[in-house]
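Take a look at the letters that make up each chain.
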Amino acid sequence: MATFSRRAALQGLSALGLASVLPTAARARTAPSRLAPGLSAHTFPLGDATVTVVRDTSFDLPLSYFGTNAPDGEVVRLLDAYGLSTTSVPIDASQVLIDAGGVRTLVDAGTGTGALVETLRAIGVEAGSIDRVVVSHFHSDHVGGVSTGDVPTFPSASVHFPAPEMAFLESAPADAQGVAAALDALAPVRSRLETYADGDELAPGLRAVAAHGHTPGHMAFTLTSGDARLMLLSDAVTHPVLFFRHPEWLYGLDMLPEQTVGTRRALLGRAADERTPVMASHLPFPSVGRVSRDEDLFRLTPTAIM
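Just so you know, these numbers come straight off a predicted model, no measurement behind them. Numbering of residues starts from 1 in every chain and runs along the sequence as written. Thresholds applied to this predicted model are a pLDDT of at least 70 for local features of residues and 80 or more for the giving and counting of side-chain atom pairs; totals over whole chains, interfaces and linings are not thresholded and use all residues. With hydrogens and water stripped out, all remaining heavy atoms of the structure feed into the side-chain values.

(A) Quick peek at helix α5 (residues 163–171). Those residues of α5 that fall on the buried side of the exposure criterion are E165, M166, F168 and L169. The buried residues of α5 occupy an angular sector of 160 degrees when projected down its axis, which confines them to one face. Those residues of α5 that are exposed and angled more than 90 degrees off the buried face are E170 and S171. Where α5 is buried, its residues touch β8 (158–162), α6 (179–186) and β9 (193–196). Burial classes follow relative accessibility: with a 1.4 Å probe on protein chains only, a residue under 20% of its type's maximum area counts as buried, one over 50% as exposed, and anything between as partly exposed. We count a stretch as a helix when DSSP gives it H or I for four or more residues in a row; a strand needs E for two or more, and each element gets its number in order from the N terminus. Within this analysis, the arc is defined by the directions that extend from the helix axis to the C-beta atoms. Residue contacts are defined here by distance: any two heavy atoms, one from each residue, within 4.5 Å place the two residues in contact.

(B) Spotlight on the pattern of salt bridges. When a carboxyl oxygen of Asp or Glu is within 4 Å of a side-chain nitrogen of Lys or Arg, the pair counts as a salt bridge. A complete count under the given rule lists 12 salt bridges for this structure. The partner of E126 in a salt bridge is R121, and the shortest N-O contact between them spans 3.6 Å. Residue E126 is classed as partly exposed on the basis of its relative accessible area of 44%. Using a relative accessible area of 45% as the deciding quantity, one classes R121 as partly exposed. Here R207 makes a salt bridge to E201, at a shortest N to O gap of 3.7 Å. Connected through shared salt-bridge partners, R229, R270 and E274 make up one network.

(C) Seen up close, the nonpolar core. Take the buried Ala, Val, Leu, Ile, Met, Phe, Trp, Tyr and Cys residues and link them wherever side-chain atoms come within 4.5 Å; each set so joined is a nonpolar core. F66, L233, L242, F244, L267 and V291 are the most contacted members of the largest nonpolar core, which has 36 residues in total. The set of elements that each furnish at least two residues to this core consists of β2 (49–62), α2 (74–81), β3 (88–100), α7 (242–245), α8 (257–274) and β16 (297–302). For V291, the residues in contact, after removing those within four places along its chain, are F244, L268, A271, A272, V278, F298, R299 and L300. By size, the runner-up hydrophobic cluster in this structure holds 33 residues, among which are L35, L106, V133 and A182.

(D) Here's a closer look at the environment of S94. Along the chain, S94 falls in strand β3. On the basis of relative accessibility, which here comes to 2%, the residue S94 falls in the buried class. Sequence spacing of S94 and H282 is 188 residues, and the spatial spacing of their C-alpha atoms is 6.5 Å. In this structure, S94 is in contact with V53, V54, R55, D56, M279, S281, F285 and S287, ignoring residues within four places of it in sequence. A distance of 3.5 Å separates the side chain of S94 from the side chain of S287, its partner in a polar contact. Each polar contact in these results corresponds to two N or O atoms within 3.5 Å; when the atoms are within protein, one needs to be able to donate a hydrogen and the other to accept it, and residues that are neighboring in sequence are counted only if both atoms are side-chain atoms.

Rendered as structure tokens:
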């Protein structure tokens, strides 16, 4: 297994303004025993589809990234009440591989410096076997891995990118945070790049859901197979407690505050009311769980089994 160096991790995070963040050691909390230490993948059936959550990397974020609009001391108080660290916040970054209808789809491409490709190979999935790569938004831990140097990382795959996010990238100032890095990552796949919009079916059973706010064109997804359903929330929630108990709080990288809160409430409410399990990119691996209402707040119950 390749070792995650501090330098490589910082390079992967720099486009998000996280160059001061120290990555944690890879945590293989629920990795199957056949995988090398530090590689984590969790596979489960969803109707006739097969879903695999793959952890690309992990890192620690400063507490200041969470609840940026919360009253003084409230973030620490809530973390402490749940027995969680009050000095920094460990974050996983995971992607979803979907095998459905004879099509192999990867939702988000990782940082490009993490363990995604290595882990896929370890579970018998070569990069060349991916048919479609669907990107939720332009941040580097989601789009950075679409290319490696000047070549596509997934040589046989079409790449699908949100149309409103592309419009933002193409109109944003060149020095806007993360924009240049995203455009650089996308450049080698331009000939196979397709944009998509809210409601588009991107693969068998996989449909885009507008979830703007975290970024201008941020997307979530629903995956349906038979009577089974899963919601992929992308970065609409980035902590298993803070943004469920306080959906009005903001994350340091949320670009459009009012839209972010409205989107978060709508998605969590839908998941709770429809009793649909969820996956979110930065929830603790394996990043899946069920949402329930608690008056006007929410609770997440993590589960590895759908």
